[in-house]
Amino acid sequence: MSWWDDTDGADEDEPYGQYDESSVRVRPNPKGNRPRTKTRPTYEDAPSGWVMNVDRGRFGVLVTDTDGERAVTATKARELGRKSVVTGDHVSLTGDVSGSEGSLARIVRVAERTTLLRRSADDSDEVERVIVANADQMLIVVAAADPEPRTRLIDRYLVAAFDAGLDPILCITKTDLADPTSFLAHFACLDLRIVTSRADDVPFEALHELLDGKVTVTVGHSGVGKSTLVNALTGSTRAIGVVNSVTGRGRHTSSSSIALRVRDGGWIIDTPGVRSFGLGHVQPENVFRAFASHAITVQDSPDGIPLDQAHDWEIVDRVQNGELGTTGVERLDSFRALLTGMGAEDPGSA
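Conventions used here
Numbering of residues starts from 1 in each chain and follows the order in which that chain's sequence is written. In keeping with the model being predicted, local features are shown solely for residues with a pLDDT of at least 70 and side-chain atom pairs are shown and tallied solely at 80 or more, while totals for entire chains, interfaces and linings include all residues. Water and hydrogen atoms play no part in the side-chain values, which are based on all heavy atoms of the structure. Between 30 and 60 degrees the pair is tilted, below 30 it is stacked and above 60 it is edge-to-face, where a pair is any two Phe, Tyr or Trp rings, Trp via its six-membered ring, whose centres lie within 6.5 Å. Type-normalised accessible area, obtained with a 1.4 Å probe on protein chains alone, sets the label of each residue: buried when under 20%, exposed when over 50%, and partly exposed for intermediate values. Of the two site types, the cavity is a set of points on a 1 Å grid over the protein atoms alone where a 1.4 Å probe fits but cannot get out, and the pocket is an open set with protein on both sides within 12 Å along at least five of seven lines, each lined by residues with an atom within 4 Å of a point. Grid points are joined across faces, edges and corners, and a volume is the space filled by probe spheres set on the points. Secondary structure is summarised from DSSP: a helix means a run of H or I of at least four residues, a strand means a run of E of at least two, and numbering begins at the N terminus for each. Any two strands between which DSSP finds at least two bridges are classified as paired.

A. A look at the packing of aromatic side chains. Applying the stated criterion across every chain, the model contains 2 aromatic pairs. Judged by centre distance (5.6 Å) and plane angle (65°), the ring pair of Phe-183 and Phe-187 falls under edge-to-face. For Phe-183, a relative accessible area of 10% puts it in the buried group. With relative accessibility at 1%, the residue Phe-187 sits in the buried group.

See the structure below:
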């Protein structure tokens, strides 16, 4: 008889002949025998919070309820999948929201965002990096000297702000080192709020008037004095960078975005200093429309169209007709260069 012949005549000397199906051990289901349900929790009553900072997969969330205000450490729940959570997000939490040492909550839902500041690695890169959500305005910090200010970098900040729906504020620091008048003249055609600051004289009153009651995101080249300004306004002790005497470039001191409370009200979201600001995520048609809606009105547009509804070619015509002066030509040329770098068609080239 062959060893594979499974017959009633099998005995202990014949391999496998002594076994039947009842001898097979079935591995139990490690997840239990209860069938999975498609019903998922809605978290309607989950506590809400506001993300103040992100650090290596952990989120600092400000929770305010009947027990007061406290900072809670949270992680992202698996059900959020690939959805990002960034500083400024309004979220819903489950788990331990006591804020006590060693406690950990879970972020289970991210509310719809009102604004979203993004940047890409360069103008040809469509992969965007989300910086901040739900900010009201952008504080662009530039040094009058050391390092030298760059008008084209500010133009990039302005386009990103306009695209995100943020109101821009231009702050010039280190005015004790150089007179910023000639530099500011480059932006005379734009309806920008401008504040100047010296090393020994931070304009607290002017800044508080602009920042109180708002969520403001700061951007700026490394070494321009952004952290110094933020520390003065918030009482923070974040590290302050220095400018390399050889390269003239600032050293990065902030590695992630963090929200800090302004002394008399409002919030500042301090972001890492950057030397470039890619706009690959921006829709090219928004570049000129943003410029049109923030250009100083010399007079009503010819056809009675409100300036904030002007089309791309209308703002080009206004510049070419001399309505916005020399600085209007400079800004328009800069924005055209941005469009070219993004591979878009220049509406004023025809």
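Text resumes after the structure shown.
B. Quick peek at empty space enclosed by the protein. Scanning all chains against the criterion turns up 2 cavities of 30 Å³ or more. Roughly 90 Å³ of internal volume is contained in the second largest cavity. Surrounding the second largest cavity, Val-141, Val-142, Ala-143, Pro-147, Glu-148, Pro-149, Arg-150, Leu-153, Ile-154, Tyr-157, His-221 and Val-224 form its lining. Among the secondary structure elements, those contributing two or more residues to the lining of the second largest cavity are β8 (137–143) and α1 (151–164).

C. Just the pairing of strand β13 (residues 267–270), in detail. The side-chain alternation of β13 yields two buried faces, one formed by Trp-267 and Ile-269 and the other by Ile-268 and Asp-270. Two strands pair when backbone bridges link them, and strand β11 (residues 215–220) and β13 are joined in this way by 4 bridges, in the parallel orientation. Opposite Thr-218, over in β13, you have Asp-270 as the bridge partner. Note: strand β12 (residues 258–261) against β13, 4 bridges, orientation antiparallel. Opposite Ile-258, over in β13, you have Asp-270 as the bridge partner. The antiparallel hairpin formed by β12 and β13 contains 5 residues in its connecting segment, where Gly-265 sits at a positive phi of about 130°.

D. Here's a closer look at unusual backbone geometry. Cis rather than trans, the peptide bond between Asp-146 and Pro-147 has omega equal to 5°. Summarising the element assignment, Pro-147 is placed in the loop between β8 and α1. Its identity as a non-glycine residue notwithstanding, Arg-56 has a phi of 50°, on the positive side. Structurally, Arg-56 can be placed in the loop between β1 (48–55) and β2 (58–65).

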